[in-house]
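The chain contents come next:
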Amino acid sequence: MARKLDKILSWAFDESKRMLGIISSDKLLLHIFVHDDTRGFQALASSINLNAWYNEGTFICRSCFVDGGEELLLVDSQAQARIYSLITMQFRPATLNLCDVPSSVQSTPDGSCLLVSYDRRAGRSLTAYHWSSFGSTEGIELNIPGLPVDEPFVVTSLISRTAVHLLWLNFAAHRCQSHALDITRSVTEFMFRKRLAAPSLNVRKMQRRIIACLRSQRSLVFVTDRDFQMFAQHFSDMIYTFERTTKKPTGDVLKSIKVSAAAFSVFLKELGGTAPWNVSQYRAGEWIVDFLCLIPIHIALTKENQFIPLKDGVYSTELERSLLGAEVNRIVDSISFGWYESLFQSYMATKPVRVVSSMGEQSVGKSYALNHLVDTSFAGSAMRTTEGVWMSVTPTEKELIVALDFEGVHSIERSAQEDMLLVLFNTAISNLVLFRNNFALSRDIAGLFQSFQSSATVLDPAANPSLFKSTLVIIIKDVVEADRTEIGREFTLKFQRIVQDEQETNFITQLHAGQLSIIPWPVIESKEFYKLFPTLKRYLDQQVLTHHAAGEFLHKVKTLMAKLKANDWGAMSQTMASHRAQLLSSLLPNALTLGCQEVDPEREPLKNLDTDTLVERPDTESHLFLTVGMAPQSEVREQALATLQSSWERYRDRQHISDAEWVEALSQYLEGVVSLRVDHVQEWLSQNLARFQTGHASIEELRRNFEGATVDLKSNVIGHNDEHLCAASVHACGEPCSLSGIKLADESDYSCPGFCRIPSDVDHDRHECEARLCSVTCQLCKRLCSNQDHMHGLEDGAVHLCGQEHLCTAMCSAQGICEIETAPHSIEATFTGRHETFRYTKYSQVAKRLKCIKIVPPGATEHKGSHNHSLDKKVIHSCEARSVMLRAKIAGIFVHYHWQEHETRHGSMSRTQWTIDGPDDAAALEIEGRKFSTNDEGAPMMCNLVCQAMGRHVHIDYCRSDKKTACIGNDEIQHITRRLRPHRDRPKDFVTHNLFWKRSGFKDPYSKEEQAAFAKCDAMCSGPEHASDAGNLAQPSYCTLPMFHPAADANAVAPAVGYISNDGHHFTCRNPVVMQQAFHVIFVADRSSSMRHTDRRPLQNTPASAKIRARSDNRIGAVLSSLFSFWSARAAAIGSSASAGRRDAYSVILFNHDTLNVVENDFTSNPDQLLDFLLRHQADGRTDFTSAVIAAQDVMERNWSTERTPVIIFLSDGECDIADQTMQDLCRASIRLGKAVSFHAVSFGPDASSIYLRRMAEIAIDAQNNAPRNPLAPAAATVMSSYTQALDSVYCPTRRDLPWNCGVAEEAQRGINALSYSTADIPVRDEVSVLCVVLYAIWREGQ
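### Digging into the overall build of the protein
And step 1. Helix and strand counts for the protein come out as 33 helices and 53 strands.
And step 2. When the 1343 residues of the protein are sorted by exposure, 49% land in the buried category.
And step 3. For the protein, contacts bridging at least 24 residues in sequence account for 65% of all contacts bridging at least 6.
And step 4. Entry remark: accessible area of the protein is about 65100 Å², with carbon and sulfur atoms responsible for 51%.

### Observations regarding the packing of helix H17 (residues 550-566) against helix H18 (residues 572-594)
And step 1. H18 packs onto H17 with a crossing angle of 110° between their chain directions and a minimal axis gap of 10 Å. One way to sum up the angle between H17 and H18 is to call them roughly perpendicular. Classified by chirality, the crossing of H18 by H17 is right-handed. Taken together, the residues of H18 that come into contact with H17 (itself represented by His555, Lys556, Thr559, Leu560 and Lys563) are Met572, Thr575, Met576, His579 and Arg580.

### Remarks on the side chain of Glu407
And step 1. Inspection of the secondary structure assignment puts Glu407 in the loop between strand E25 (400-406) and helix H10 (416-429).
And step 2. For Glu407, a relative accessible area of 0% translates into the label buried.
And step 3. Looking at Glu407, its side chain comes within polar contact range of the main-chain nitrogen of Gly388, at 2.7 Å.

### Some words on the packing of aromatic side chains
And step 1. Applying the stated criterion across every chain, the model contains 24 aromatic pairs.
And step 2. Consider the rings of Phe13 and Phe41, whose centres lie 6.3 Å apart with planes at 75°: the pair is edge-to-face. With Phe13 in strand E1 (residues 9-14) and Phe41 in strand E4 (residues 40-43), this pair connects stretches of sequence that are 28 residues apart.
And step 3. Overall, the relative accessible area of 44% leaves Phe13 in the partly exposed class.
And step 4. Given the relative accessible area of 41%, Phe41 is considered partly exposed.
And step 5. Linked through ring pairs, Trp53, Tyr54, Tyr84 and Phe91 together constitute an aromatic cluster.

### Here we look at the environment of Glu768
And step 1. Tracing the sequence through the fold places Glu768 in the loop between strand E32 (749-750) and strand E33 (806-807).
And step 2. Sequence spacing of Glu768 and Cys733 is 35 residues, and the spatial spacing of their C-alpha atoms is 9.4 Å.
And step 3. With sequence-adjacent residues up to four places away left out, Glu768 is seen in contact with Cys737, Phe755, Cys756, Arg757, Ile758 and Met791.

### Concerning the nonpolar core
Where a protein is soluble and globular, its nonpolar side chains tend to be buried together.
And step 1. Of all hydrophobic cores here, the largest spans 101 residues; its most connected members are Ile299, Phe337, Phe344, Leu404, Phe425, Phe507 and Trp684.
And step 2. With 12 residues, the top contributor of residues to this core is helix H20 (residues 659-689).
And step 3. Excluding residues within four positions of it along the chain, Trp684 makes contact with Leu584, Leu587, Leu588, Ala591, Gln597, Leu606, Lys607 and Val615.

### A few points about the confidence of the model for the protein
Close inspection of predicted coordinates is inappropriate for parts of the model with low pLDDT.
And step 1. Looking at the protein as a whole, the pLDDT averages 75, with 77% of positions reaching at least 70.
And step 2. The weakest mean pLDDT in the protein belongs to helix H32 (residues 1306-1309) at 27; the strongest belongs to helix H29 (residues 1185-1198) at 94.
And step 3. Low confidence marks residues 187-216, where pLDDT is under 50. Its contacts with residues over four positions away, or in another chain, come to 44 contacts.
And step 4. When the criterion is pLDDT under 50, residues 1136-1140 qualifies, and its contacts beyond four places in sequence or with other chains add up to 2 contacts.

### Focus: the sheet that holds strand E43 (residues 955-958)
And step 1. Spatial strand order, E43-E45-E44: 3 strands in an open sheet with antiparallel pairing. If you trace the sheet from one side to the other, it starts and ends with E43 and strand E44 (973-976), each paired once. Taking the axes of each pair of neighbouring strands and ignoring which way they run, one obtains an average angle of 35° across the sheet.
And step 2. The pairing of E43 with strand E45 (residues 988-991) spans 4 bridges and is classified as antiparallel. Opposite Tyr958, over in E45, you have Lys988 as the bridge partner.

### A closer look at the side chain of His792
And step 1. Structurally, His792 can be placed in the loop between E32 and E33.
And step 2. The contacts of His792, once residues within four sequence positions are left out, are Cys774, Cys785, Asn787, Ala798, Val799 and His800.

### What to know about the packing of H10 against H17
And step 1. Contact geometry for H10 and H17: axes closest at 11 Å, N-to-C directions at 160°. It follows from the interaxial angle that H10 and H17 lie roughly antiparallel. Of the two elements, H10 crosses H17, and the hand of that crossing is right-handed. Where H10 abuts H17, its residues Leu421, Leu424, Phe425, Ala428 and Ile429 lie against Phe553, Lys556, Val557, Leu560, Met561 and Leu564.
And step 2. In the contact of H10 with H17, the residues fall into 10 nonpolar, no polar and 1 charged.

### Comments concerning unusual backbone geometry
And step 1. At Asp375, a position not held by glycine, the phi torsion is positive, near 65°.
And step 2. You can see Asp375 is positioned in the loop between helix H9 (366-374) and strand E24 (389-395).
And step 3. Assessed through its relative accessible area of 37%, Asp375 is described here as partly exposed.
And step 4. Positive phi outside glycine occurs at Ala513, with the angle close to 55°.
And step 5. Topologically, Ala513 is positioned in the loop between helix H14 (507-512) and strand E28 (516-520).

### Here we look at the sheet that holds strand E50 (residues 1155-1162)
And step 1. In spatial order, the strands read E50-E49-E48-E51-E52-E53; together these 6 strands make up an open sheet with mixed pairing. The sheet is open, and its two edges are formed by E50 and strand E53 (1282-1285), each paired on a single side. Strand-to-strand twist across the sheet, computed as the mean angle between neighbouring axes with direction ignored, equals 15°.
And step 2. Against the sheet, helix H28 (residues 1167-1175) touches strand E49 (1145-1151) and E50, its axis set at about 170° to E50.

### Some thoughts on a nonpolar patch on the surface
And step 1. A cluster of nonpolar residues, Tyr282, Trp287, Ile288, Phe291, Leu292, Ile295 and Trp339, forms a patch on the protein surface that exposes about 690 Å² of accessible area.
And step 2. Within the fold, Ile288 resides in helix H5 (residues 284-292).
And step 3. For Ile288, a relative accessible area of 44% corresponds to the partly exposed category.

### Section: H18
And step 1. Its 23 residues place the ends of H18 33 Å apart at the C-alpha level, agreeing with the 33 Å of an ideal helix rising 1.5 Å per residue.
And step 2. Considering bend angle alone, the principal kink of H18 is centred on Leu587 and spans about 45°; proline Pro589 follows within four residues of it.
And step 3. Once H18 finishes, Gly595 follows within two positions and takes phi at roughly 75°, a positive value.

### Quick word on the pattern of salt bridges
And step 1. For the structure on display, the rule yields 25 salt bridges.
And step 2. As a salt-bridge pair, Arg354 and Glu399 come within 2.9 Å of each other at their nearest N and O atoms. Placement of Arg354 in strand E23 (residues 353-360) and of Glu399 in the loop between E24 and E25 is noted, with a sequence separation of 45 residues between them. There is no split in this pair, since Arg354 and Glu399 are both buried.
And step 3. For the salt bridge of Asp610 with Arg580, the shortest nitrogen-to-oxygen distance reads 3.0 Å. Residue Asp610 is located in the loop between strand E30 (604-605) and helix H19 (635-646), and its partner Arg580 is located in helix H18; the two are separated by 30 residues in the primary sequence.

### Brief notes about the pairing of E45
And step 1. Neither face of E45 is exposed, since Lys988 and Phe990 on one face and Asp989 and Val991 on the opposite face are all buried.
And step 2. One ladder, built from 4 bridges, connects E44 with E45; its direction is antiparallel. Bridge pairing links His975 to Asp989 in E45.

### Section: the environment of Leu370
And step 1. Tracing the chain through its elements places Leu370 in helix H9.
And step 2. For Leu370, a relative accessible area of 0% gives the class buried.
And step 3. Residues Leu370 and Ser358, 12 residues apart in the sequence, show an inter-C-alpha distance of 6.8 Å.
And step 4. Beyond its immediate chain neighbours, meaning those up to four positions away, Leu370 contacts Val356, Ser358, Asp375, Thr376, Phe378, Ala403, Leu404 and Asp405.

About the cut-offs
- Residues numbered from 1 in each chain as written.
- Predicted model: local features only at pLDDT ≥ 70, side-chain atom pairs only at ≥ 80, totals over all residues.
- Heavy atoms only, no water.
- Helix = DSSP H or I, 4+ residues; strand = E, 2+ residues; numbered from the N terminus.
- Buried < 20%, exposed > 50% of the residue type's maximum accessible area, 1.4 Å probe, protein only.
- Contact = heavy atoms within 4.5 Å.
- Areas by Shrake-Rupley, 256 points an atom, 1.4 Å probe, with all protein chains shown as cover.
- Axes fitted to C-alpha atoms, helices over the stretch in contact; angles between N-to-C directions.
- Parallel < 35°, antiparallel > 145°, perpendicular 65-115°, else oblique.
- Left-handed = near helix turned anticlockwise from the far one by under 90°.
- Polar contact = N/O pair within 3.5 Å; in protein donor to acceptor, adjacent residues only side chain to side chain.
- Phe/Tyr/Trp six-rings, centres within 6.5 Å; stacked < 30°, edge-to-face > 60°.
- Core = buried A, V, L, I, M, F, W, Y, C linked by side-chain atoms within 4.5 Å.
- pLDDT = per-residue confidence, 0-100.
- Pairing = 2+ DSSP bridges.
- Nonpolar A, V, L, I, M, F, W, Y, C, P; charged D, E, K, R; others polar.
- Patch = residues over 30% accessible without salt bridge, like charges linked within 9 Å, V, L, I, M, F, W, Y side chains within 5 Å.
- Salt bridge = Lys/Arg side-chain N within 4 Å of Asp/Glu carboxyl O.
- Expected span 1.5 Å × (residues − 1).
- Bend = angle between axes of the 7 residues up to and from the residue.

Below you can see the structure in the form of C-alpha cells.
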C-alpha cells in the first residue's frame, strides 16, 4: 500500500511550522495544511496548480520542506530539483539536476543542507547540498558505512538544532544507530565530519559513581591485578578533562584525592587484619533514602484549564473519573507521592522542610540550576522537557530540602489559566522561588509576570498565614560582568513600576510578602556561572521556616493541590482543619474502644500525624465498647462488659464482701480504666489539632462527637453495674416497673427494664423497681438524668437533664452565610451549544449554616440570647447575594445591586447565557479553544477568568434609560441599535468592564493592570505585522483611547508616537501605509542592436518561458523574463493579502537612439498583459543614454505622487556616454518635488564599457545623501541607489534573500528588519538575477 501511495502522492512535513504538504504526483496539485492543537490539520488555502511549470507527462517523485521557511523542494521524474515558494507562488530560478531520481530527500533541522539519498546495488549513498549554493555545486558525497538499503532513516536533531543526526533501526543487531553530522558553514563551502554517536547512559552512571566516592572519602583505591601505575594518571586526566570541559570551579577537592591501585591479596589482607578499616560507612536506611531521593517524581500537571495532582507520578483517567464530584478531603486522600510518602510520614517525619522551586521561560536552564543548587537530578535539555510539576528531595543533617521543577510559563501548549494555577501552587508552598529568564532590557516585564499578577487575587494571603512566605529571586541569565549593575538597576525600576501600578494587589507583596531579589547571572561557559550557587543556598537557609515537620508539610501540600484541583479558593487553614477533623473522626471509634488508630493490616498506636511520634500517655489494654446503633442490652455489649469486669483483680472477691462494697470498688476500677482511655485519646486529639486555630466548625464538631462518645463509653461501662440489682429480692412483686411507655423530649418512648421491688404481699398501685435515681438519659446528651426520684418521669412536663453543661445543637440564627465552600458541588457536566458539545468541570459555591457554639448552662434546655456559630464579635457573616451574569461579546446582566462591594470566590457561570454581537445568531465567539454562540450557557467558563481570556472587551446590559439620547456622550455606555437576544424587543447597551462590575455589586477580581487595559478601546491596528502566522502568536496593537471615545481627527497634528487611523483610533505602532512603502518604478531598458546577443537568455521552466523565447531568445528576452517573474510575485502577494489592489505604479521605457513609453503609471494591468505590451518590440538601432534619462524624468514629473517614491531601473550594456549635468538635473527635479529618486544601473556588458553607468549611480547616491530626509517616511524606507554588474558566477539566494520576495507583503508581516546593503558585490548568473536582486533590495529596504 505504501509503494502504491508513493506513486500517487508525495508528501512533506515541516515540524517547526506544523505544515504538511501533499502533492498529487500525476495531477501536479499541491495541497498545504497547517496543524492546530484544537482543530487538527486545516487547509491553508485551495490547492495550487503546478501544471504551468512542468511539461506534459512530468510528475513529482519526491518532496521536502526547506527547514525554517515556507518553501518546498520538488523533485520531478526528470531528476530535476527545484524550490517552490508558498509565498510568491513561484519557483526559484536555480535548478539542481540530479543524476537520478533519489530514494529520499530531507532537509537538516538547522536549515543548512539538503540530503539526497540513492539506493544502488552497491549500497545506499548520501549526498549533501548547501541550500545557500543550491544548483551551483555538485554536492558532497558522505561516506557513511552501514546505511541500510530499502530501509528508512530520519534526519533529526538532538539537544539543539545544530546537533544533526542520522538515525535508523538496525533490526539484525536490535539497536538504534546514529551518525552525527558536524556541519561547518561558510560563504563558499561547507564540510561534514562523521562521528558515531556513543551511548550517554553509561557515562552518566560512571560520573555518578565517581562523585559518590568523592563525597565520602579522600582516597580512591582500585582493586586490580594489572597496570597499577596507570590508574593515578588516568584519574588525573579525567579531572583535567572535567574541569576544562565544564568550567566548574572544583578548587583542590578533586586534585587532593589520593588515587592508587592494589592487588586483591593486599586488599584482602587489609580487610582481614586487626587494624580498623579506613573506609566510609553508611547506615543502610540512610543510604537507601539518599539513593531513592535521586529519582524525581511527577506530582502534578495542568490540562484543560485544570490543576491535576497525580497519584504515584502517574496520570490515571480512571482515578480522574472516580474523583468526579469528590470533595476536597477525598481528593487529598487520593494524592500520593510514591516512595516519598514514607519519607515524609515516618522515616524523617520530624525534620523541618524547606522548599525551593524553579520557574521561568522555556529552555532557560531551570532544571540545570536546581540540580547544581540542591543536588537533584531533574532532566534537562535545550528543548522543552518538563511538564507540569516534578519533585525531588535532598535529605540533610538538619532538614529536608524539597525541590520543585516547573514547566516553562507562557508556553504555547498552556493557557493563561493553567499558568496561573502553576504559579499559585509554586508561590504558596515554596520558601524560595527562582525565576529564570532571558536577558533583554526592552522586554515587557509586566507581561512576563502576568500569570503571577493573576494569581495574586485568587488565594488571600491574609486568610492563609502559613502560605506565601517565599522570596522571589529573578535570575537574568547570560549577563556579562560589565552590564551587571545597569541591568540590575533597570529591572529594579521595572518592578517598582509594577508595584506602583497595582498598589496593594501587586504580586510581589501578595505572593512573596514583598521579598524580591534580582541577580544578573553570568554566562554558562564561564567559571563565574557556578560561583553564585552558594549565594542562592544562603538565600534558602535564611528564609523563614514555614514547614516545621515533614508530616505537616505533606498534609499541607496535598491539601493545597486538592484545593487547586477543586478550584476551592477558601482559607487553607479551614480546609486543612476540616480534613484533619474528618480523618480523626474516622479514627475516633478505634481510638476510644481499642486505644489505637488502625487495626488492619496491623495494630497502629495513637500517633501525632504530623511527626509520626507516639502519644505518650498511660492506657489500658482493655477493649471498651460504644453502643453505636445497638440496643442497650445487646449480646456484644454484655460480652464486652463481662470481659472487662473479669479483668479486675478483685472480681472473684464478691462472695467475701458485701454487694454494695463490691459494686463500689468495681465502679471505681471501671471508671479508672475509662479515664485512662479517655485521657489518652484526648491527648491524641490535642496533639493532632494543636496547629489549627480554635473555632473551626469541623474541629468543634469533632470535639462535640468526642464528648458524646465519651459519655456513651462511660454509660456503657460505669453506669451498667447496678442494673443487675433491680430484682435483688426473691420475694418482690416482680411486675414491670410502672415507669414505662412515657414520651421523651425527642418523641420516643421509654420503659424502665426493671421489676417491682415491693413485696408481693403488700398492696400497692404503682410498681417501683430497685433503682433510686432516674434511669432516663439526658435529653441533651447520653448521660443519665440527675434527678433523685426514679419515678419523676411520670410527672407532666418532666425534663430529664444530667446537670452538666451542654453545647447548643441549634443552627446559627445570624443573618447571612456562616461559611462558603468552593469545593465542587457537581464537578462533571456536559455543555451543548450551537457549534459544539463537550465535557467540562463545573464549580459552584456551597453556602453553609453552622451550628451554634454557645453553652447551655446546667439544668437548662437552652441558652439565653440568639444562636451564633462563633463567640468572636469580629466574625462576619457573608452576604447571601449571588452574582448572576448574562454575558455577551461578553454580555452581563446583574439582578442584585448593593451599595457596598461584595467580595467572593468565583465559580462557574451557571446562571449565564451568551449574547454574541454578530451578523446573526449563528455567529461564534472562540475562547480558549471553545466556541460559544448566542443563547449558549456560560457555565464552562469561570467568571473571574473569562474577562482575562477575552482581552479587551465590552459587556452587554439592558438599557436603563427611557430615551436613547441619554446613552450618548457617556464614556462607559454605548447604546445598541440592533435587536439582540435574549428578549429582542428589550433595548440593550454596551457597557465597559468597570461599569459591569460596579453594577454587579461585587469586587472586580482582576488586577489593576488588567482593569486599565479593559478600560481602553478594543480596536486593533490592521497592519499585517500584528497578525499571527505558523509558529508565531499574534502581536496585536490596540487603540490607546478609552473604550467609547469619540473619533479622533486624522487630519489634525500628528501624535508624537504612532498615528491616527482614518476611522479615528490612535495606535502607537507604525502606520501600515508608511510601512508598506509604495513606489513608482520606471524600468528603462536598452533595446539597441547589442541587446540581440544570445549570451543571456530567458529563464526556463516558467509559465511564460515559451512565449518569451519565441519572440526574443536573447538578452532583451532575459530582461522580459525577469520583469514577468517580478510582476507575478507582486500579483501573488496582493492576491493573498487582505488589502485590495496594487499600490505600486509601473512605467516601462524602451530606448535605442530614440525612446518609447510602452507603459506609463500603470496600476491595473496583470503580468500577462504587461508582458504582451513589451513582446511587440525587437532590439535594433543605436544607444542614447541622454534621451533615455530625459524621458524617464518626464514620466516621473508627469505622474508625481507624494504617496510613491520614484525608482528608476536603468538596464543597458553600457556602450554610451552621458553628461553629469543630465543626471544631476534628474536628481534635482526629484528632490524639488519632495523625494530623492532611487536610481539603479545594471550593466550587461564588460566592466570597461560600464564607466558611465557606474558614474550615473554615483551621482544619484551623492544626491540622495545630500537631500533632506522625508519626515513622513521612516528611515528604513530610504532605498539607496546602486550599480550592479552581471557576472558569470552563480548567485543562488537563500530563503531570506529570495529575489521573488521583493514584492511580498508577508516579509513585512513577519517583522523582518530592513536591510541596508549594496548589491554591487553580489555575484549573479544572468540579467534575470541582476534585476531580481536590485528589485529585492528596493522592496526589502522599503518594507
